[in-house]
Amino acid sequence: MSATFDDAVLDTLFPGLGTIPPASRAGLDASAVLARHGPVLTAIEAAAGGEAAFLAADPGRRADLLEAVGHSDPAAFQALVLAVSALYHASASVVEAYGWVARAPQPEGFAVEAPTDEAEAARLLGKVRARRQIWRA
Amino acid sequence: MSVKRLAPVDVVVVGAGLGAAAFTRHLAEAAPSWSIVVLERGGWVDRAALPALRPDFQRDVLGPYATSPNVRLAAGGIAPSADYAVDDSESDFKPLMWSGVGGSTINWAAHFPRFHPSDFRTRTLDGVGDDWPFSYADLEPFYDLNDARFGIAGLAGDPAYPPKPERPMPPIALGKLGMTAARGFDRLGWHWWPVDSAINSRVHHGRPACNHCGPCQQGCVTGAKASTDMTHWPEAIARGVEMRTGAVVLQVEIAAGRVTGVTYRTAEGDVFQPAGTVVVAGNGVGTARLLLASGVTAPALGRNLMYHGAGYVRGFFAEDLDGPVGPTGCSIYSHEFYETDRSRGFVRGVHLQATRENPLAVQAARLARPWGEEAHAALLREFRRSMAILVVNEDLPESENHVALTGETAADGLPGVKVVYRLSDHSRRALDFGLDRAEDMLRAAGAVETVRVPLAPFTGWHLLGTARMGTDPATSVTDGSGRVHGVSGLLVADGSLFTTSAAVNPGSTIGAVATKVADDLARAAA
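Since the structure is predicted, the reported quantities are computational estimates derived from the model, not experimental observations. (Residues numbered from 1 in each chain as written. Chains lettered and ligands numbered in written order. Predicted model: local features only at pLDDT ≥ 70, side-chain atom pairs only at ≥ 80, totals over all residues. Heavy atoms only, no water.)

Participant: Summarise the overall build of chain B; cite the residues concerned and give the values.
Facilitator: From N to C terminus, chain B includes 13 helices and 17 strands. Oriented by its inertia axes, the alpha-carbon framework of chain B measures out at about 65 × 50 × 45 Å. Burial status across chain B gives 67% buried among its 526 residues. Counting contacts in chain B only where the partners sit at least 6 residues apart, residues at least 24 apart contribute 75% of the total. For chain B, the exposed area adds up to about 16400 Å²; of that, 52% sits on carbon and sulfur atoms. (Helix = DSSP H or I, 4+ residues; strand = E, 2+ residues; numbered from the N terminus. Buried < 20%, exposed > 50% of the residue type's maximum accessible area, 1.4 Å probe, protein only. Contact = heavy atoms within 4.5 Å. Areas by Shrake-Rupley, 256 points an atom, 1.4 Å probe, with all protein chains shown as cover.)

What follows is the structure, encoded as structure tokens:
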């Protein structure tokens, strides 16, 4: 399978949308994943009637072809989708396009508490605290 | 192959997870003159190697640091967890665990609730399951001891429980998500309370406060989240306990109705460790696997596997709810519907728990259609704006749900293991009720849309009941002190012992029960 075909499949799985890049331009190294799921790619090629036919198809037709392969072998197709999805949604350009920070969670961590939370929580908990025992002896 | 024979010891503990740690930590103090050896198949976690220190950490969440050992093995495995494959093809829930020092406390959420007093008397109160051989009051001192050893963040005064000791740390910060959930429960007039967490909200016992990094279930880099490799094992080892890692126990050796020791495999060869007492604590799958492989013939062994029924409702909000930050499972919970109300059409109850959002890749993997333009649209709608209410129900013991050997030898030298589990009609009714209430709450909290997930297969952390306690050897495997019926010197000290499952996470109760088992053993020998 050619790199062009691989990119076309990746972009059918995860096309761009607005500032979100398509998979082929998200900086992924998907070669190992695609090699591991080679039979699914072969099935897509066969369903299209050859690599050239898949490349010539418009995005809607390509999506239909992937859908058909997904119906004929759901487990294998799902495995490919989830493997590519994990790479794609972990890539810095995609994470940032979704409005999040592309950095390791540590050592910085994150802040979560607003200054007014504690007082409001205490007020609401006061109502719960005032209830009678709700556990059974 | 020749087997090396070692000098005898008083006690061998199989496993180094939560139950083993609580047992050993307590026994080392209660019986300081005893020689205790711990055999752990995995190794110690290197915190500097954990995923949260890497920008691409999300890739590991669904691969080598997945919560499922089967997924980790498929991704090539991860050295500190000496995983074994579990055939879960006939199980509605997939077993999750960590097989190294600390056990599943390495990748748990550290949500740390106690059972309710009624959970120990389900037969008497509601005519289902069985009563435990002891009560909440009997276990309470061991809850207190084990809580102190873990270090708990929480808040006293919860009317859903008998009074508990003041927690040494305030609850983990609720954040926008927790406050939104609190307002939802409040608008309905329902109980809610910040969870008890085995996570530091302040510096405590030499460990730092949580900095809300997010991926608790891939191991805690800073050590703010308690795991027994930090909380229990160092103290036990300081008291003279010997920990041997990379030691896969193949057989508990039994002769003339009493244990003589264990045979285990190391990289250097097989070893026989003679011992007067053998304590098995390998979780509800691993313990049953080893005891079945060792020829223990109790009819209930491996039976009555309980996971907890689990499903969830996801609510999508118009405003930002923090995103994938904070301890996933440690926010707030409701026990408004925990105790039996027969008008609901089932007995026992449900636990509702607000859970925080996951990293983008995990959120994406949860989409109904996880690819194509639709996936982008769905993910843009929910990322940073979603909250899941987890519904957990009390899974009743049923003999047909079980752990069995496959008849083939696995890569680790033990027989292969299989879990067979089907969600009962009772659990389905309870979960459906809970999912309805979760939708009510999310709407009250302001969710603009909800999506119901009736069953959550990858929640199989709670591996319970396969060596259950009881008084009748026909229906139980051990007595109330964890001693296996009919085999002198053989004990169990983990969640396998549970007579029933309650409807909350079992970690706190596993620790308390294992501590009690150790206390009973030391007292019996005194």
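Participant: Tell me about the pairing of strand S12 (residues 350–355) of chain B, residues and numbers included.
Facilitator: Each regular strand carries side chains that alternate between the two faces of the sheet. Residue and element names in this part refer to chain B. Summarising burial for S12: 6 of the 6 residues are buried, a large majority. Of the two faces of S12, the one carrying Val350, Leu352 and Ala354 and the one carrying His351, Gln353 and Thr355 are both buried. The pairing of S12 with strand S13 (residues 386–393) spans 6 bridges and is antiparallel. For Thr355, the partnering residue across the bridge sits in S13 and is Ala388. (Pairing = 2+ DSSP bridges.)

Participant: Which residues make up the packing of helix H1 (residues 18–30) of chain B against helix H5 (residues 136–150) of chain B, and what values do they have?
Facilitator: Residues and elements named next belong to chain B. Remark: H1 packs on H5, axes separated minimally by 12 Å, with the N-to-C direction vectors making an angle of 100 degrees. Our classification of the angle between H1 and H5 gives roughly perpendicular. In this structure, H1 contributes Leu18, Ala22, Arg25, His26 and Glu29 to the contact, and H5 contributes Leu145, Asn146, Arg149 and Phe150. Broken down by class, the residue content of the contact of H1 with H5 amounts to 4 nonpolar, 2 polar and 3 charged. (Axes fitted to C-alpha atoms, helices over the stretch in contact; angles between N-to-C directions. Parallel < 35°, antiparallel > 145°, perpendicular 65-115°, else oblique. Nonpolar A, V, L, I, M, F, W, Y, C, P; charged D, E, K, R; others polar.)

Participant: So what about the packing of helix H3 (residues 38–48) of chain A against helix H5 (residues 59–72) of chain A? Which residues, and what values?
Facilitator: Residues and elements named next belong to chain A. At a closest axis distance of 9 Å, the pairing of H3 and H5 adopts a crossing angle of 120 degrees. When the axes of H3 and H5 are compared, the pair comes out oblique. The handedness of the crossing between H3 and H5 is right-handed. Contact residues: Val40, Ala43, Ile44, Ala47 and Ala48 in H3; Arg61, Leu65, Leu66 and Val69 in H5. When its residues are assigned to classes, the contact of H3 with H5 shows 8 nonpolar, no polar and 1 charged. (Left-handed = near helix turned anticlockwise from the far one by under 90°.)

Participant: If you had to explain the interface of chain B and chain A to someone new, which residues and values would you point to?
Facilitator: With 67 residues of chain B at the contact, the number on the chain A side is 50 residues. Buried area between chain B and chain A, both sides added, is near 4800 Å², and the carbon and sulfur share of it is 65%. Of all residues in chain B, Arg59, Trp371 and His376 of chain B bury the most surface against chain A, accounting for 16% of the area lost on that side. Inspection of the chain B/chain A interface yields 6 salt bridges. Taken together, the connections running from chain B to chain A amount to 22 residue pairs in polar contact (both at pLDDT 80 or more). At the level of elements, helix H2 (57–61), helix H4 (122–126), helix H6 (175–188), strand S5 (193–194), helix H10 (360–365) and helix H11 (373–382) of chain B are the ones that each hand at least two residues to the side of chain B that touches chain A. Residue composition of the side of chain B that touches chain A, by class: 37 nonpolar, 16 polar and 14 charged. (Buried area = accessible area lost by both parts, 1.4 Å probe. Salt bridge = Lys/Arg side-chain N within 4 Å of Asp/Glu carboxyl O. Polar contact = N/O pair within 3.5 Å; in protein donor to acceptor, adjacent residues only side chain to side chain.)

Participant: Explain the sheet that holds strand S11 (residues 332–334) of chain B residue by residue, including any values.
Facilitator: Backbone-to-backbone hydrogen bonds join strands into a sheet, with any given pair of strands oriented parallel or antiparallel. All names here are of chain B. Reading across from one edge, S5-S11-S12-S13-S10-S16 is the order of the 6 strands in this open sheet, with antiparallel pairing throughout. Strands at the two margins of the open sheet, each flanked by one partner only, are S5 and strand S16 (449–453). Where strand S10 (residues 309–316) lies against S16, 5 bridges are found, and the strand directions are antiparallel. Counted as the bridge partner of Phe316 is Glu449 from S16. Lying on the sheet, H6 is in contact with S11, S12 and S13; it crosses S11 at an angle near 20 degrees.

Participant: Now, about the sheet that holds strand S4 (residues 86–91) of chain B: what can you tell me, with residues and values included?
Facilitator: Residues and elements named next belong to chain B. One open sheet accounts for 3 strands, arranged S4-S15-S14; its pairing is mixed. The open sheet terminates on both sides in strands that have one partner only, identified here as S4 and strand S14 (402–409). Neighbour-to-neighbour, the strand axes of this sheet turn through a mean angle of 25 degrees, independent of strand direction. Pairing of S4 with strand S15 (residues 415–421), which is carried by 4 bridges, proceeds in the parallel orientation. Pairing of Glu90 across the sheet is with Val420, part of S15. Docked against the sheet, helix H9 (residues 283–293) engages S4, S14 and S15, running at close to 55 degrees with respect to S14.

Participant: Lay out helix H1 (residues 3–13) of chain A in plain terms, naming residues and giving numbers.
Facilitator: Taken together, the buried positions of H1 of chain A are occupied by Phe5, Asp6, Ala8, Val9, Leu10, Thr12 and Leu13 of chain A. Considering only its buried residues, H1 of chain A is in contact with helix H2 (31–36), H3, helix H4 (51–56), H5 and helix H6 (74–90) of chain A.

Participant: How would you sum up H1 of chain B? Please name residues and give values.
Facilitator: All names here are of chain B. A rise of 1.5 Å per residue sets the reference length of H1, with its 13 residues, at 18 Å; its end C-alpha atoms lie 18 Å apart and thus fit the reference within 8%. In terms of burial, H1 is largely enclosed, as 11 of its 13 residues are buried. Listed as buried for H1 are Leu18, Gly19, Ala20, Ala21, Ala22, Phe23, Thr24, Arg25, His26, Leu27 and Ala28. (Expected span 1.5 Å × (residues − 1).)

Participant: Which residues make up the nonpolar core, and what are the values?
Facilitator: One finds Phe23, Met387 and Leu490 of chain B to be the most contacted residues of the largest nonpolar core, which totals 151 residues. With sequence-adjacent residues up to four places away left out, Met387 of chain B is seen in contact with Leu177, Thr180, Ala181, Val313, Arg314, Gly315, Phe317, Leu321, Ala354, Thr355, Met441 and Leu442 of chain B. Membership of the second largest hydrophobic core comes to 44 residues, among which are Ala26, Leu66, Trp100 and Phe110 of chain A. (Core = buried A, V, L, I, M, F, W, Y, C linked by side-chain atoms within 4.5 Å.)

Participant: Describe in detail the packing of aromatic side chains, supporting the description with residues and values.
Facilitator: Here the structure, examined in full by the defined rule, presents 26 aromatic pairs over all chains. Ring plane angle 90 degrees and centroid distance 6.4 Å describe the contact between Tyr98 of chain A and Phe383 of chain B, whose orientation is recorded as edge-to-face. In this pair, Tyr98 of chain A is assigned in the loop between helix H7 (92–97) and helix H8 (117–129) and Phe383 of chain B in the loop between H11 and S13, connecting two distinct chains. The buried category is assigned to Tyr98 of chain A, whose relative accessible area is 6%. A centroid spacing of 5.6 Å and a plane angle of 40 degrees characterise the contact between Tyr136 of chain B and Tyr143 of chain B, whose relative ring orientation is tilted. Members of the aromatic cluster, each reached through a chain of ring pairs, are Phe115, Phe120, Trp132, Phe134, Tyr136, Tyr143 and Phe498 of chain B. (Phe/Tyr/Trp six-rings, centres within 6.5 Å; stacked < 30°, edge-to-face > 60°.)

None of this, on its own, says anything about what the molecule does.
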